[in-house]
Amino acid sequence: MFLFDNLLCMLLGISFTVWFTLLLVFIIVPAVFGVSFGIRRLYMNTLLKIFEWATLRMERGAKEKNQQLYKPYSNGIIAKELASLEQEMQEMRRSGSGSALGGAEFEMSDIFHFCRRGVESIVDDEVTKRFTAEELESWNLLTRSNYNFNHISTRLTVLWGLGVLIRYGILLPLRVTLAFTGVGLLVFLTSLIGLLPNGGMKSFLSEKAHLMCYRICVRALTAIITYHDSENKPKNGGICVANHTSPIDVIILSSDGCYAMVGQVHGGLMGVIQRAMVKACPHIWFERSEVKDRHLVAKRLSDHVADKTKLPILIFPEGTCINNTSVMMFKKGSFEIGCTVYPVAIKYDPRFGDAFWNSSKFGMVNYLLHMMSSWAIVCSVWYLPPMSREESEDAVQFANRVKAAIARKGGLADLLWDGGLKRDKVKEVFKEEQQKLYSKVLVGGAEDRSRS
Amino acid sequence: MGSTSSTLSKIPNAEELSQETGFTSAHLARLFERFEALDKDKKGYLSPQDFEAIKELALNPICDRIIGAFFSSGQEMLDFSSFVRILAHFRPIDNNRPKEPNSPDPINSRINKLKFAFQLYDQDKDGKISRNELLQVLRAMLEKQVTEEQLESIADRTIQEADLDRDDAISFEEFRKSLEKVNIDHKMSIRFLR
């Protein structure tokens, strides 16, 4: 009996040690030093291959049942008829009048082709499509993003089951451990650094501590981030402006650079973190009452910006989380301050899961659990060149200009930007092309007939 | 992918609309999003200009007639229910639906599809396609590619073949007869996903 217990304890002890060592060596130490083994990228590529396989199987299953797969990302309502005009007309001729001459002549039914094409354009045209048809719509083995339940074969179900085991059994505990480590370290280190006198050493240490803890948090989410154009990274005395999809945006940006955060003072755990952070370097936290006073807010921001030793401020001008397909109207407050603005575009890869936080549906903890139990969070960050307000434009126009730049870079739809949208009539030339095609089929056929 | 239930709550009479047109609630939700996307000024209805703004539609030789079919009663405002009712013509025919003896034909029946196509020709709505109306359609579809004489000869031949009562115009019955063998369902249907 005792022997068995001892054995068990030993086994548990050993596995725990191994587990912890692996964690330390492969995740925490690289995070501390800012290097990467590339494990996450390998993981991402493997996942993509598996997703493609899963989708192909589903498509095969759907084809057997002669149904169409629902494609959530193509925003398509209809499957467009791809046959060209000539092919269609030949089909009609063959099945229609059965004319022995075989030549194409005008039939009353020819109008159907144009009619249907026209209505298809009304229901769904290329301009509003967000993804092209060629892009493989993969299913990422998460039930929450699967709309094709009836097409899953047994093999896929097994794979999915395996996925659930791995995600909730292995990945989730790992990530929660890391998250606690990261946050705990952050609070501990910043409080420690806060004891030092203000000066170069303090800022240096604070920077290192912040970066390290955020990198651990990034690994806690298995976020695979690609940074582009790092030469445009925000500098002191400026404001960094980005599009907002989820609270994770903060972690993503902060693991690559140091920013001064802006926000309301919270209670609970968030409050503890906030108070600790502000000891090490100046962040801007507002009391709830102060938030209403716009002048106060603007003043504090300008004061911060004027001090060149302070870090650039990170602001999300949309004011709320948007679902990462578009950029909504920017609130003009941050653009009135009159300093350099560094725009940043963040785009999440939807194949790995939806990072959008719908605050009306899920609370913060629920959301974080969701994020931690998905496969990975893959995103791209683009640092755009700095912009400043020009003489001729006011804050709103400046805000729109920045918004347009961010939307363009991230490949997001720019909503509410109708400044340059001109109503130009489609050139007559294009219409002629359609007519030429049709006439070729008709008249060409007539010529064949007269020859025979 | 959006929340269907919240979109559905914005659609007035969604249940009735679904019954009448045969679109599922998922389709209706999607179409409503499309309706809102086309309604750029957020008026709550569509005008002919909203249709003309669709670049792909403007390429179509008969785009004016198609737009006219949506605004057939001469009004300038198209609400969502009317939009959907017209689009319902293009749903594939449900062969499985049991036909109740006294209920009217569904919107996407073969007859109704033909009626829709007929009105594209018959612009003055007198119930007949006159030679002139036929010429107009041919001109729209062929414009400068063929001569006026060729157009006229095509028109003459078409009327000759279809016009059974020799009144030099094609009535709806004659139209329907001439298209008896054509697979209307295939040609006048759009594959709505899911």
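Each value, and the rule that gives it
- Residues numbered from 1 in each chain as written.
- Chains lettered and ligands numbered in written order.
- Predicted model: local features only at pLDDT ≥ 70, side-chain atom pairs only at ≥ 80, totals over all residues.
- Heavy atoms only, no water.
- UniProt positions renumbered as here; feature names shortened; annotations may be inferred.
- Helix = DSSP H or I, 4+ residues; strand = E, 2+ residues; numbered from the N terminus.
- Buried < 20%, exposed > 50% of the residue type's maximum accessible area, 1.4 Å probe, protein only.
- Contact = heavy atoms within 4.5 Å.
- Areas by Shrake-Rupley, 256 points an atom, 1.4 Å probe, with all protein chains shown as cover.
- Pairing = 2+ DSSP bridges.
- Axes fitted to C-alpha atoms, helices over the stretch in contact; angles between N-to-C directions.
- pLDDT = per-residue confidence, 0-100.
- Expected span 1.5 Å × (residues − 1).
- Patch = residues over 30% accessible without salt bridge, like charges linked within 9 Å, V, L, I, M, F, W, Y side chains within 5 Å.
- Salt bridge = Lys/Arg side-chain N within 4 Å of Asp/Glu carboxyl O.
- Phe/Tyr/Trp six-rings, centres within 6.5 Å; stacked < 30°, edge-to-face > 60°.
- Lys NZ or Arg CZ within 6 Å of the ring centre and 35° of its normal.
- Nonpolar A, V, L, I, M, F, W, Y, C, P; charged D, E, K, R; others polar.
- Core = buried A, V, L, I, M, F, W, Y, C linked by side-chain atoms within 4.5 Å.

Under an unreviewed UniProt entry, the name given to chain B is Calcineurin-like EF-hand protein 2, and the organism recorded is Astyanax mexicanus.

Per an unreviewed UniProt entry, chain A carries the name Glycerol-3-phosphate acyltransferase 4 and comes from Astyanax mexicanus. Checking UniProt for chain A, the heading Sequence similarities (unreviewed entry) contains the comment "Belongs to the 1-acyl-sn-glycerol-3-phosphate acyltransferase family."

(A) Layout of the overall build of chain B. Regarding its fold elements, chain B presents 12 helices and 3 strands. Counting the 194 residues in chain B, one finds 46% classified as buried. Taking as baseline every contact in chain B between residues at least 6 positions apart, the subset at least 24 positions apart corresponds to 53%. Only carbon and sulfur atoms are counted for the fraction: they give 49% of the accessible area of chain B, which is about 9,600 Å².

(B) Molecular detail of the overall build of chain A. If you tally the helices and strands in chain A, you get 13 helices and 10 strands. Per-residue burial for chain A yields a buried fraction of 45% across its 452 residues. Looking at chain A alone, contacts between residues at least 24 apart form 77% of all its contacts between residues at least 6 apart. Surface exposure of chain A reaches about 24,000 Å², of which carbon and sulfur atoms provide 63%.

(C) View of the sheet that holds strand β4 (residues 260-264) of chain A. Residue and element names in this part refer to chain A. With mixed pairing, 7 strands are arranged side by side in an open sheet as β2-β9-β8-β3-β6-β4-β5. Of all the strands in the sheet, the pair left with one neighbour each is β2 (223-228) and β5 (284-286). Across the sheet, the axes of successive neighbouring strands diverge by a mean angle of 25 degrees, strand direction being ignored. Where β2 and strand β9 (residues 377-383) come together, 6 bridges link them in parallel fashion. Its bridge partner lying in β9, Ala223 is registered against Ile377. Packed on one face of the sheet, helix α10 (residues 294-306) meets β3 (239-242), β4, β5 and β6 (313-315) and runs near 170 degrees to β5.

(D) Local environment of the confidence of the model for chain A. Of all residues in chain A, 69% attain a pLDDT of 70 or more, and the chain-wide mean is 73. Within the model, the stretch residues 445-452 of chain A combines pLDDT values under 50 with 6 contacts to residues more than four positions away or in other chains.

(E) Quick peek at helix α6 (residues 200-220) of chain A. Compared with an ideal rise of 1.5 Å per residue, which puts 21 residues at 30 Å, α6 of chain A spans 30 Å between its outermost C-alpha atoms and is within 8% of the ideal. Just past α6 of chain A, the residue Thr222 of chain A takes up positive phi, approximately 45 degrees.

(F) How the structure looks around a nonpolar patch on the surface. Residues and elements named next belong to chain A. A cluster of nonpolar side chains, contributed by Ile14, Val18, Leu22, Leu24, Val25, Phe26, Val29, Val32, Phe33, Val35, Phe37 and Ile39, occupies part of the molecular surface with about 1,100 Å² of accessible area. The element that contributes the greatest number of residues to the nonpolar patch is helix α1 (residues 2-33), accounting for 9 residues. With respect to the helices, strands and loops of the structure, Leu22 is situated in helix α1. Residue Leu22 is classed as partly exposed on the basis of its relative accessible area, which comes to 44%.

(G) Quick look at the environment of Ser171 of chain B. Residue and element names in this part refer to chain B. Its place among the elements puts Ser171 in strand β2 (residues 169-171). You can call Ser171 buried: its relative accessible area is 13%. Separated by 45 residues in the primary sequence, Ser171 and Asp126 place their C-alpha atoms 9.2 Å from one another. Among all residues touching Ser171, those that are not within four sequence positions of it are Phe118, Gly127 and Lys128.

(H) Spatial organisation of the packing of aromatic side chains. Residue and element names in this part refer to chain B. Under the counting rule described, the total for this entry stands at 14 aromatic pairs over all chains. Here a set of aromatic residues connected by ring pairs shows up, and it is made of Phe32, Phe35, Phe51, Phe70, Phe71, Phe80 and Phe83. It is Arg91 that lies over the ring of Phe23; its NZ or CZ is 5.9 Å from the centre.

(I) Structural context of the UniProt feature "domain: EF-hand" (unreviewed entry) in chain B. All names here are of chain B. UniProt tags residues 26-61, 109-144 and 150-185 as "domain: EF-hand" (unreviewed entry). Helix makes up 61% of residues 26-61 and strand makes up 0%, while its end C-alpha atoms are separated by 32 Å. In residues 150-185, the share of helix is 61% and the share of strand is 8%. The end C-alpha atoms are 31 Å apart.

(J) Molecular detail of the packing of α6 of chain A against helix α8 (residues 268-280) of chain A. Residue and element names in this part refer to chain A. Viewed as axis vectors pointing N to C, α6 and α8 meet at an angle of 145 degrees, and their least axial separation amounts to 9 Å. Here α6 contributes Lys202, Ser206, His210 and Tyr214 to the contact with α8, which in turn contributes Met277, Lys279 and Ala280. Grouping the amino acids of the contact of α6 with α8 by side-chain chemistry returns 3 nonpolar, 2 polar and 2 charged.

(K) Inspection of the nonpolar core at higher detail. Of all hydrophobic cores here, the largest spans 66 residues; its most connected members are Ile122 of chain A together with Phe51, Phe70, Phe80, Phe83 and Phe175 of chain B. Top contributing element to this core by residue count: helix α4 (residues 110-123) of chain A, with 7 residues. Dropping the residues within four chain positions of it, Phe70 of chain B is found in contact with Ile122 of chain A together with Phe51, Leu78, Phe83, Ile86 and Leu87 of chain B. Grouped together as the second largest cluster of nonpolar side chains are 47 residues, Met212, Ile248, Ile273 and Ala280 of chain A included.

(L) Highlighting unusual backbone geometry. All names here are of chain B. For Lys125, which is not a glycine, the phi torsion comes out positive at approximately 55 degrees. Considering the arrangement of structural elements, one finds Lys125 in the loop between α8 (110-121) and β1 (128-130). Since its relative accessible area comes to 52%, Lys125 is described here as exposed. Look at Asp168: it is not a glycine, yet its phi comes out positive at around 60 degrees. Relative to the helices and strands, Asp168 resides in the loop between α10 (148-162) and β2.

(M) The UniProt feature "transmembrane region" (unreviewed entry) in chain A, seen in detail. All names here are of chain A. Following the UniProt record, the feature "transmembrane region" (unreviewed entry) maps to residues 12-39 and 176-196 here. Secondary structure content for residues 12-39 is 82% helix and 0% strand, while the C-alpha to C-alpha distance between its ends is 26 Å. Annotated as 90% helix and 0% strand, the span residues 176-196 places its first and last C-alpha atoms 31 Å apart.

(N) A look at the pairing of strand β8 (residues 341-348) of chain A. Residues and elements named next belong to chain A. Burial within β8 is extensive, with 8 of its 8 residues counted as buried. In β8, alternate side chains face the same way, and those of Val341, Pro343, Ala345 and Lys347 on one face and Tyr342, Val344, Ile346 and Tyr348 on the other are all buried. For β3 and β8, the ladder comprises 4 bridges, and the chain directions are parallel. Its bridge partner being in β8, Cys240 is matched across the sheet by Tyr342. In this structure, β8 lies alongside β9, joined through 5 bridges in antiparallel fashion. Each residue of the ladder has a partner; that of Lys347, found in β9, is Ser380.

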